Structure formats: structure tokens, C-alpha cells
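Next come the chains, spelled out residue by residue.
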Amino acid sequence: MSAPKLLDVKGLRVSFAGKEVVRGIDFSLAAGEKLALVGESGSGKTVTALSLLGLVQGAQTSGRAVFWGVQDKLNDLNNAQGDAQADLLALSERDLRAVRGRDIAMIFQEPMTALNPLFSVGNQIAEVLQLKEGLSPTQAHQAAVALLADTGIAEAERRSHSFPHQLSGGQRQRAMIAMALACQPQLLLADEPTTALDVSLRSQILDLLSALQQKNGMAVLLITHDLNLVRRFADRIAVMENGFIVEQGRVAEVFANPQHPYTRKLMDSRPVRDVTEAFSSAASAPVMQSQNLRVSYPVPISGFRGWFKKGEFVAVKSASFSLFKGRTLGVIGESGSGKSTLALAVLGLHPSQGALQLAGKTWSRDATNNKAIRRAVQVVFQDPFSSLSPRMTIEEIVGEGLRVHQPELSVEQRHQRVVKALEDVGMTETQFPRLLQRYPHEFSGGQRQRIAIARALMVEPDLLVLDEPTSALDVTVQKQVLELLQRLQRERGLSYLLITHDVDVIRAMAHDVLVMQAGEVLESGTVDAVLLSPKHPYTQLLVRQTS
Amino acid sequence: MSGWTRVSNLNNPPDAASGRLPPGGAPAADGLSPIRAGTREEGAAVSLSLSPSRRAWQRFRRNRLGFSSLVLFCALVLVSLLAEVVSNDRPLLLKYEGNYYFPIVTVYPEKTFGGDFETATDYLDPFIRNKLSGGSNWVIYAPNPYGPKTLNYFAKEPNPSRPTRANLLGTDDRGRDLLAQLIYGFRVSVLFALALTLTGVVLGVLSGALQGYFGGKVDLAFQRFMEVWGSMPELYLLIIFSAVFAPSIALLLVLLSLFGWLGLSDYVRAEFLRNRQLDYVRAARAMGLSPWQIIIRHVLPNSMTPVVTFLPFRMSAAILALTSLDFLGLGVPPGTPSLGELLSQGKNNIDAWWISLSTFTVLVTTLLLLTFMGDALRDALDPRKADR
């Protein structure tokens, strides 16, 4: 290794109340190196990073983490030579405070919660400089503006007076980076720095991190679950599973030739397209058809005028699409593009204007008419933790649709149907004894999502609205849920309206695609037409991100 | 209190063993990472197949102070419900000249037992006592042979009498036994508090549910109404009404109920506002359930946490309210045993320390027990402590 060692972690163990989360891991980082720590949620990767700075509360830590980048004398440095070497895990809280921010900085996943909403961003950066570098307030402010400018924020002087809520997500993350880099740390811990950002922003932030990393010569420990990110950014990769590092090596080598089965599983978790291409002809009536669909929210107007009238925020401007039996219409867009509002309008949970036909009917004020549509259109939501009522058993949750739409069924018949529906989504009594009497909290995210799918399929709908069905799941689980959805579509000829921000999911699932941004439909067509030869620059950007 | 019974009905030992995951119990369907299966298993040892309210109940039971407070409080309430057996001036059973009599249920004229008058027998009269215990006659008195209104005409000391062998806690300024007064007064307080809490919960949940679920204009109108309603001076109304109508417990209950629901309503409303936009409610709407079905089946069970948490605190507030009103003379009709009335007697007879001290002890014990229960319940229902 040419570059000098910066961090050497040996036998790091972290446990919470006797339960080990990190189970003895070794890794090292050279100065200026970019190491990616990859793993699914619960693998211990974030805890690893936090424990290096002593930021995990109520945890027992053991092992050694020798760090050579200490810039200034610490108070009770255990080695007398003072060669700026220290065991991070053995430092006192007071010394750790000196190290944090100055020698090792950290950026977090969600910049909105990581920045203090009551102070302007310039203020927050200047505070770091005043505390750590002892600059005067004026100097600190100037330095803060310069740092903001470095991170590519336009009009840095003006922006430095902005409060976090006045900045966009990307700008906030840039401000976070500026704050982290304020003292030119030797090591930057980046915990999922782009996960909360829209796809189009991710590469910008990543490029920025790369550029700054090269400029300052610092090392980066990138914590992520996104393999695309790793491939583009990191030098070396360490794969974590269940508190162990199961494989580490140079990125190119590991990607080309993964050794550990878990690594192979991760690499292999990209969703695979396995759908029936031409299920139906255009001759049959479409399951869903819409012309110039427009959805808006009332918003309050400020001032006196707001007493009498409400403003309007148009979430979907004019969407036209049709969906045939057995096909999937993918709607892709970033947050705020109106794609979830579109789903709510299709479900009749939000009023809309324009023509919208579902199974030949339209939403109206007539309850019996609506009930028929409700049976035909069902939904699976994004967040598996809030989509199942925590106080109902699985049987009650899944069987609810039958109580509404087929009240004539006896308890026993309903029970049979529930068991059948759960079997269809791959959940049986043999795997989970007393499955029907259990409560949602006993299941993992992927299992809950299966239960939500079973609930939706219970009433045998024609159209299933999938609102980001897999974006809260780990990649390997995402693949399994998508495979389940593909199988159900093949077997039952279901139509899907698939809302997502993930091009990979669209590529695997959709027949037709609608690209949305800020309420406008930018582009639509078959999946091949849109993804292989995108016309709109935004679509081109999206596709380039993930190719 | 409805919450209590609901929770305690579920208190049969959880049939967890049969529902436990198989060893190494990774639910295999998703190929979960073992770490997650591990956490789940550990939680499973105590909580598998338990509904959230049952898990909360188990957490509550693990709180020693709270749970023993509940047991003690229930025991006290039980004893006070049997007050007629525990403390009564009419004997439970007696045998007089070969016949059995049940004075506790039937009123016998004094002549029955060889007295001179047609009036109801005073079993504490030494003459009658003699008659009843002579020869083959015997009598079983209640453990504390005084009722709440019994005057001890035969006390050896002037009223209020200090604690003696005859009156264990002494008598009040009219010669009534203090222990009997406390037992009956406690019962009145607890039953009144239960009734007040119940009506408050029903009204509060109803109005909170309507406002929270429907939101918008319903919410706006209801909130303004509540502001107007809440700004009415409760105490003045009570004074005015106690001047206009004959004071009675029912009137007091109605008047206090009119205002007792306001605080709870806000909590329920907030819970409904939060819960109604969660995905499971959206899914239920998409399923085609009617608003009432959604409120009752989905939102309400998930919004009861503040209601249940506040039950003991509301009870103690209600007991305190009744006590203060009685103290001021605005509460229950004269002659009804009441803790507040005793406190006011204690104030008037400051040298009769046994009145104020014993009443104070009963009151403080009751309120403390309720507060301990409330604390334990709050911890048990705290979502942040959910998995300890």
C-alpha cells in the first residue's frame, strides 16, 4: 500500500444490552482512500461508523480503532511520542469531542433533520469554525461562505443566510458537506449521503464528494446499500452481513469476481424482467383509461384574500394514459412530481378533473357505483410499517375486503379464502405457526408487504395500484417481492399501475412508461421506447444514472 | 375504567409457546438477514402472538409499584363496595328466642326484641344488647358496628370523641363513627369518579373522533364551540345551580360531565388526525369501508392510548374535584358521607386531630395509588419503551 495508513480497526465489537450488533470486524483505510461499507439494513454498518466517534448511546464497544490523523495534541493521549496516533475507542469523551468534526467528520442521510432548523446554514458552519479553529465571527462567516461556494451552491453569500427549510434537498446536503469539511478532516464518514435525494441529484452530490475528496486528500468511509453508488465512487468495498465483514477488496475485483455467497446475492439482487410481453390485444376494453386527468390541492392564500378563497396547487397537470389487462403502466418521477397524487386520484381517494374510466366506470357520488370500482381497484402502499393496522390480526386485515364486498360468506368460508390468499403470496401456516392470529409487528418489512398484497388481492381486483411497493425494502427482499408481483400478474392477468422512482424497477416490471416531473407528463410510451431511446433530457438523465 | 376491564380481561396467560417460531426461527419467506430474525426471536420469547394491548398489559404488570397499586386499589374498592357488611349498625345475623333474624336486610321494630317502642331497633342500645346476648340468644355484629349516619349516643366521651375501643378512629362532631364515614365516603368518591370518568371518556372520544376523522369544517366549528364552552366558569355555574336546585349527586355528575370531556377530546382528536392519514386507513378507504367502519375498526383502537393513559389521572382529578366541592359545601347533599365534608369538619375542629389526619390519609393514599397506576400505565403504553 503506497499511502500511509489512516485508520486501522481491529476486532471491533458493538453490542446493545447484551445483543451484539457488530461482531468483531477488521478493516483499514489509507489516507485519501475511499472505502465503501455495504450491507442491508440491520447489518451493523451505521453502528460501525457511529461507534468510531463514540456516538452510539448505551452500547458496549470493544476492540481497537487506531487513527493516525489526529491533528492536534490530545489531553490524555496514551502514547507519549505524540505522533498523532490514537485509539478512538479508548479516548475519553473530551478527547473524542476534539476529534469529532476536526479530524473525523460525518454527514448523515437526512439533511433536513441533521441541520438545526433555527439557525441559518452559514451560522451553523461558522459555529464549527469558531469552535474548532478559533476564528473570529467575521472570519468564520467568510470562511463559511467560501465553503458553501466550494460545494457548488450558487450565490453562496445570500444562501448562507438561508434557513434549512428554505433550501432544496440537494442544497441542504451540500450545506451539510460544507459543514463537515469546514475543518478539513482527514476522514469523512458518509452515512447514506444520497439516499434521501432524488435520483437526478445523487450523481451531482457524489461528483461533488469525489472532487472535494481529491482536493483535500481526505479518506472517505461511505456507508450505503446502493451498489451503483459503490461502483462509481469507491476504491475498495467491504461487505457487511449480520455484524460481520464477509468480504472486502478492491471494487473492480469484488464486482468482477465476488467470493462470498452473500456478496453474490447482493450483486444479483437487481430486479429481473420476467413478464408476459403481449398479454392482451388493444381490441379489448382498457382496464383504466384517462384523458387530461388533472388533480389539484387547495392551498391557503396569505393575507386578506385568503379569508374568502383558497389557492390551488396543481399536482398533476394533464395526464392521459390507458392500461390494458395483464399489463403494467409504470409511472416514474422524483418526489414532488405528482406520481403519488396520481395514484390517489385513480383510487378515488382524492378528487380529480378530466376523464378517468376504471373498468368502464367513473368515480361519482353514488356509493354502489363506487363500491364496484373499489372491488376492481386495489392498492399496495410504500411503507409496510404503516400500511397494516397494528391492532388487528392478520386474519382480520386480510379478510376485511371480504366483509365489505362479500358479506354473505360464512366465517369458515372467509377463513378458507384468507388462508388461500396468504398461500398465494407465499405465506403459510407451516412457515409461521398460527399465522392468522398474529399481529403485524411480528413480521419483517417484506413479509408485511406480502400481507398487504394478499389483502389487496382478496377481493380479486382487476387493477392493482402499487405505490412504491419496494422502495422501503432491502434490495434482496425487493427482488423477491417484485418476482411475486410478476408471478401474480402472469397467473391472474392483473394490471398494475406501478409508481416508483427507481428505473431498475420500471425496467423489470413495466410495459408502458409515464415519466413525470412537477406534475407534467414529460414522456410516455412503451418501456423499450422510453428507456432505450429517451427523448426528454430528464428521462435521459434518469436512464444514464442507472445504466 | 372501560380500558381497565378491557385490558384485564385479556389477562389469561398468553399461549405463546405454541405460537413461537421454530428454533433458529428465521421466517424464511424473505430470506431475511439473520440479524433481523435474531431481534425478532428475542422479542418473540415474551411477546409472540400478543396483541399490542396485551403486550402493554404485560409491561404494566412488570412495573411492581404500578401493579401492586392496582391490586391494592381494587381491594379497597371491593371492601368499600361491601361496606354494608363491613361497617353497619345493624347486625348481620342474630338468634333471639329460637328465631333467626337478618337485621341487615330487614327492619325489625324494637318490640320484637322485648323493647317498648314500635320504632326500628337501635342495636347499639345497651338494653337491646343485653336482651340479644342473654340466654341462648346470640348476635353477629358487623366488624365495625356503625353505619355512616349512626350517632353513637352511648359514647363515654363528648363529641367529637378521640379514638376509643368503641370508635376505633374516634367520632366526628355529631358523634358519627369516623371509620364508617371514611369507608362510605371512599365508596361515594370512587363510584362518583368512575361515573364521571366514564361519561367524560364517552363524550370526549366521540367528539374527538368526529373532529379528528372528518377534519376541515367539522373540526373548525367544533373547536370554536369547545373554546366557547370551555370558557364558561365552571365553579360559578356549580354555585348558581346548587342555589337553584336541591343538591344531589346526579346533578353534580351532570354538571361536572358537561366540562369533563374537553381535555380528553383534544387528545383523541390529535390521535385521529395523525392516524387517519396513515396508509392502513387509506387502504381501508380504498377497500370501500364506510367512515364509521373505518373509525370503529381501524382508527379508534389505535387512538385509545391517551385515553387509557389518562384514566387513572382523570379518576384522581374527579375524586379531588368532588372532595373540594364538598369541602366548600357545594357538593353532595348534607348527610351523605363524604371525604370533603370530613375535611371541612377537621378544619372546624382543629384540635380533633383524628378527623383531619385519618381523612387526609385516606385521600392521599387513594390519590397516590391512582397516580402510581397512571405512571405505570403511561410507561407501559409509551411507544418508545415498546420493546423493553
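Note that the structure is a prediction, hence the values are computed from the model and not measured.

A. Molecular detail of the overall build of chain A. Across its full length, chain A carries 20 helices and 19 strands. By the compact-globule yardstick of 24 Å for 547 residues, chain A fits well, its C-alpha radius of gyration being 26 Å. In terms of overall dimensions, chain A has C-alpha extents of about 85 × 60 × 45 Å along its principal axes. Per-residue burial over chain A gives 47% buried out of 547 residues.

B. Structural context of the overall build of chain B. The helix and strand inventory of chain B stands at 17 helices and three strands. When burial is assessed residue by residue, chain B has 40% of its 388 residues classed as buried. The contacts in chain B between residues at least 6 apart in sequence include a share of 65% that link residues at least 24 apart.

C. Up close: unusual backbone geometry. All names here are of chain A. Positive phi, close to 50 degrees, is recorded for Glu155, a residue that is not glycine. Here Glu155 lies in the loop between α5 (137-150) and α6 (156-159). Classification of Glu155 as exposed rests on a count of 11 C-beta atoms within 10 Å. One non-glycine residue with positive phi stands out, namely Glu192, at about 45 degrees. Along the chain, Glu192 turns up in the loop between β7 (187-191) and α8 (199-216). Glu192 sits in the partly exposed class, given 19 other C-beta atoms within 10 Å.

D. Focus on the sheet that holds strand β3 (residues 138-140) of chain B. Residue and element names in this part refer to chain B. The strand order across the open sheet formed by three strands is β2-β1-β3, and the pairing between neighbours is antiparallel. A single partner strand is all that each edge strand has here, and the edge strands are β2 (99-101) and β3. If you compare each strand with its neighbour and ignore which way they point, the axes differ by 20 degrees on average.

E. Summary view of the nonpolar core. Of all hydrophobic cores here, the largest spans 148 residues; its most connected members are Val331, Val346, Val398, Ala454, Val465, Leu497 and Leu498 of chain A. If one sorts the elements of this core by residue count, helix α8 (residues 178-214) of chain B sits on top with 15 residues. By size, the runner-up hydrophobic cluster in this structure holds 77 residues, among which are Leu52, Leu209, Ile237 and Ala238 of chain A.

F. Inspection of helix α1 (residues 45-52) of chain A at higher detail. Extensive coverage of α1 of chain A is indicated by the burial of seven of its eight residues. Trailing α1 of chain A by a residue or two, Gly54 of chain A shows a phi angle of about 65 degrees, which is positive.

G. Just the packing of helix α14 (residues 394-405) of chain A against helix α16 (residues 445-457) of chain A, in detail. All names here are of chain A. Interhelical geometry of α14 versus α16 gives an angle of 35 degrees and a closest axis separation of 6 Å. Between α14 and α16, the residues in contact are Ile394, Ile397, Val398, Glu400 and Gly401 and Ile451, Ala454 and Arg455, respectively. In the contact of α14 with α16, the residues fall into five nonpolar, one polar and two charged.

H. Expanded view of the sheet that holds strand β17 (residues 495-500) of chain A. Residues and elements named next belong to chain A. Pairing in this open sheet of six strands is mixed, and the strands run β15-β16-β17-β13-β18-β19 from one edge to the other. On the outer flanks of this sheet lie β15 (377-380) and β19 (520-526), each paired with one strand and no other. Within the sheet, the average angular offset between the axes of one strand and its neighbour, ignoring direction, is 15 degrees. In terms of strand pairing, strand β18 (residues 512-517) meets β19 through six bridges, oriented antiparallel. Bridging from a neighbouring strand, Gln517 pairs with Glu520 of β19.

I. Inspection of the packing of helix α4 (residues 52-62) of chain B against helix α17 (residues 353-381) of chain B at higher detail. All names here are of chain B. One can describe the packing of α4 onto α17 by two numbers: an axis separation of 8 Å at closest approach and a directional angle of 135 degrees. Taken together, the axis directions place α4 and α17 in an arrangement best described as oblique. Our pair here, α4 against α17, has a crossing hand that is right-handed. Residues Ala56, Arg59 and Phe60 of α4 form the contact with α17, whose participating residues are Ala376, Leu377, Ala380 and Leu381. By residue class, the composition of the contact of α4 with α17 is six nonpolar, no polar and one charged.

J. Spotlight on α5 of chain A. Residues and elements named next belong to chain A. With 14 residues, α5 should reach 20 Å at 1.5 Å per residue; the first-to-last C-alpha distance of 20 Å fits that figure. Those residues of α5 not exposed but buried are Ala140, His141, Ala144, Val145, Leu147 and Leu148. The buried side chains of α5 occupy one side of the element, clustering within an arc of 160 degrees when seen end-on. Once α5 finishes, Gly152 follows within two positions and takes phi at roughly 85 degrees, a positive value.

Cut-offs and rules
- Residues numbered from 1 in each chain as written.
- Chains lettered and ligands numbered in written order.
- Predicted model: local features only at pLDDT ≥ 70, side-chain atom pairs only at ≥ 80, totals over all residues.
- Helix = DSSP H or I, 4+ residues; strand = E, 2+ residues; numbered from the N terminus.
- Rg over C-alpha atoms; globule rule 2.2 N^0.38 Å.
- Buried ≥ 20, exposed ≤ 12 C-beta atoms within 10 Å, placed from the backbone.
- Contact = placed C-beta atoms within 7 Å.
- Pairing = 2+ DSSP bridges.
- Axes fitted to C-alpha atoms, helices over the stretch in contact; angles between N-to-C directions.
- Core = buried A, V, L, I, M, F, W, Y, C linked by C-beta atoms within 7 Å.
- Nonpolar A, V, L, I, M, F, W, Y, C, P; charged D, E, K, R; others polar.
- Parallel < 35°, antiparallel > 145°, perpendicular 65-115°, else oblique.
- Left-handed = near helix turned anticlockwise from the far one by under 90°.
- Expected span 1.5 Å × (residues − 1).
- Arc of directions from axis to C-beta.

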